[in-house]
Amino acid sequence: QVQLVASGGGSVSAGGSLRLSCAGSGRAFSTYAMGWFRQAPGKEREFVAAITWRGGRTYYADSVKGRFTISRDNAKNTVYLQMNSLKPEDTAVYDCAAHVPPYSTPSVKGSEYDYWGQGTQVTVSS
């Protein structure tokens, strides 16, 4: 069992930045690929970014490429999402997820993730 706690959301003006954190429990955390997803009101959940278990490879949705950066610190059991140049259309609830089994390649499909955090709200005003 993996418990994830997402934090760092808030309200910012367009062009601003936020850094989200996802703290995980358990020694196996460092072996899981991790992903960030978001869901805006009235819209389906969408993939944002993902990172392999060691952090050697990252993946991004086209809509955030060049603006968002995913990273991880396995010593701290934490994954980060640095969000720069935020736009109003980035407004959503952001959540992190763990992809099991260990050492696997992350997926862009939320249905393939096994553990989720509780989400954190990001609001970007124009």
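Residues numbered from 1 in each chain as written. Predicted model: local features only at pLDDT ≥ 70, side-chain atom pairs only at ≥ 80, totals over all residues. Heavy atoms only, no water.

Glancing now at the environment of Val64. With respect to the helices and strands, Val64 occurs in the loop between strand S6 (58–60) and strand S7 (68–73). Judged by relative accessible area, which is 0%, Val64 ranks as buried. Through-space distance from the C-alpha of Val64 to that of Lys87 is 9.9 Å; in sequence the pair is 23 residues apart. Setting aside chain neighbours within four positions, we find Val64 in contact with Arg38 and Val48. (Helix = DSSP H or I, 4+ residues; strand = E, 2+ residues; numbered from the N terminus. Buried < 20%, exposed > 50% of the residue type's maximum accessible area, 1.4 Å probe, protein only. Contact = heavy atoms within 4.5 Å.)

Turning to the nonpolar core, a few remarks are in order. Formed by 34 residues in total, the largest nonpolar core has its most connected members in Trp36, Leu81, Met83 and Tyr94. Counting residues per element, the ones that place at least two in this core are strand S1 (4–7), strand S3 (18–24), strand S4 (33–39), strand S5 (46–51), S7, strand S8 (78–83), strand S9 (92–99) and strand S11 (120–125). (Core = buried A, V, L, I, M, F, W, Y, C linked by side-chain atoms within 4.5 Å.)

The next subject is the pattern of salt bridges. Going through the model one piece at a time under the given rule, you end up with four salt bridges. Note that Arg38 and Glu46 form a salt bridge whose closest N and O atoms lie 2.6 Å from each other. Overall, the relative accessible area of 33% leaves Glu46 in the partly exposed class. In this structure, Asp90 engages Arg67 in a salt bridge whose closest nitrogen and oxygen atoms are separated by 2.8 Å. With Asp90 in the loop between S8 and S9 and Arg67 in the loop between S6 and S7, the pair connects residues that are 23 residues apart, well separated along the chain. The pair formed by Asp90 and Arg67 is uniform in burial state, with each residue classed as buried. (Salt bridge = Lys/Arg side-chain N within 4 Å of Asp/Glu carboxyl O.)

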